[in-house]
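Reading the structure
Residue strings, one per chain:
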Number of protein chains: 2
Amino acid sequence: MSTTGQKLRELREKAGLTLRKAAMQADIDVAILSKMERGERKLTKELILKLAKMYNENPEKLIIDFLSEKVIYELKDEEFGLKALKVAEKQIKYMRTNNK
Amino acid sequence: MSTTGQKLRELREKAGLTLRKAAMQADIDVAILSKMERGERKLTKELILKLAKMYNENPEKLIIDFLSEKVIYELKDEEFGLKALKVAEKQIKYMRTNNK
DNA sequence: TTTTGTGTTGACTATTTTTGTCAAATTTAC
DNA sequence: GTAAATTTGACAAAAATAGTCAACACAAAA
C-alpha cells in the first residue's frame, strides 16, 4: 500500500516537476514538501488540493486516502479500533440523513 | 446521543462520588474533570480507564465511544468522510489478518 | 442569614507539538 | 567532476494542549 505522500510524489514526477519547482509553485519550503512526500511531516488537505490542481489530478481519491490515513493512525493499535469505526460510521450516516 | 463525558458523569453520580472526590482519587485537578465531563477538555484513554475502574464499570463501551468521537470529530464535515471510513476499515482489517 | 458542600469559570503558566526557515550534506544525472 | 535535485538536521517561532489556582455561583443545611 502506498501512502498519499508517495502518490503525490509519483504525480509530481509524472507532471515533470522537480521538488523545487513544485514547492515554489505551491508556495512552501522545498524541505517541507520533501518531508511530506516521504511521510516525515503531515500533509494538509489544503496542500493536497493545491498539488492535485497543479498536477491535473482529481483530488477525491487523494483526499479519501489522506483522511483514512489519519483515522488509521489513531486506531491502528487500539484493541477496539474496528468497533469504534463501526460506531463512527453509523453516527455519521445518522448525522447525514438528519442534517446534523 | 450522549457523549463519553456525560456517561462518565452519570457513572460517577451512580457511584456516589462528588467531583472533588473523584478528581482527587484519579489524581487530577477538579476543574479538569469538570471540564472533561462537560466536553470542554479532551478526555484521555488513560483517564477513562482509571475512572471506569473507580466506578466499577467495564471500560470497553466507554473506550469505543471515546475513539469513535475522535474519528467523528475529524470526519464530520468532510464530503468524503464515509468513504474514508470504509477505506480505513478495510485497511485495518487487512493489517489485523496479516499481523501488521 | 451564615455556613457548608458541590460544581463551574477564567486567568495564568508551563509543557508539548507542530510548523517554518535555512544551510549544509548527500545523492543523482549528466 | 560538475550541476541539479533531494534530503537532513538544527534551530526558532507559533500554536495547541495541559496543569494550577482562586474566585464565583448556587443550593441545601444549620
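Thresholds, definitions, all that
Residues numbered from 1 in each chain as written. Chains lettered and ligands numbered in written order. Predicted model: local features only at pLDDT ≥ 70, side-chain atom pairs only at ≥ 80, totals over all residues. Heavy atoms only, no water. Helix = DSSP H or I, 4+ residues; strand = E, 2+ residues; numbered from the N terminus. Polar contact = N/O pair within 3.5 Å; in protein donor to acceptor, adjacent residues only side chain to side chain. Contact = heavy atoms within 4.5 Å. Expected span 1.5 Å × (residues − 1). Buried < 20%, exposed > 50% of the residue type's maximum accessible area, 1.4 Å probe, protein only. Near = heavy atom within 4 Å.

Overview of the side chain of B:Ser68
- Tracing the sequence through the fold places B:Ser68 in helix 5 (residues 59-75).
- Only 3.2 Å separates the side chain of B:Ser68 from the backbone oxygen of B:Asp65, close enough to count as a polar contact.
- If we skip the residues at most four places from it in the chain, B:Ser68 touches A:Ala84, A:Val87 and A:Ala88.

A few points about helix 5 (residues 60-75) of chain A
- Look at helix 5 of chain A: 23 Å from first C-alpha to last across 16 residues, which is about the 22 Å you get at 1.5 Å a residue.
- When we look at burial in helix 5 of chain A, the residues that qualify are A:Leu62, A:Ile63, A:Ile64, A:Asp65, A:Phe66, A:Leu67, A:Ser68, A:Val71, A:Ile72 and A:Leu75.
- The inward-facing, buried residues of helix 5 of chain A contact helix 1 (4-14), helix 4 (45-54) and helix 6 (81-97) of chain A together with helix 5 and helix 6 (81-97) of chain B.

Some remarks on the protein's contact with DNA strand C
- Lining the immediate environment of DNA strand C, one finds 15 residues, of which A:Arg41, B:Arg9, B:Leu19, B:Arg20 and B:Arg38 sit closest.
- In DNA strand C, atoms within 4 Å of the protein come from the sugar-phosphate backbone in 46% of cases.
- Side-chain polar atom of B:Arg20 to a base nitrogen of DNA strand C: 2.8 Å apart, as the coordinates give it.
- Measuring from a base oxygen of DNA strand C, one finds a side-chain N or O atom of B:Lys35 at 3.3 Å.
- Secondary structure elements with two or more residues in the surface near DNA strand C: helix 3 (30-37) of chain A together with helix 1 (4-14), helix 2 (19-26) and helix 3 (30-37) of chain B.
- Element by element, the count of residues in the surface near DNA strand C is highest for helix 3 of chain B, at three residues.

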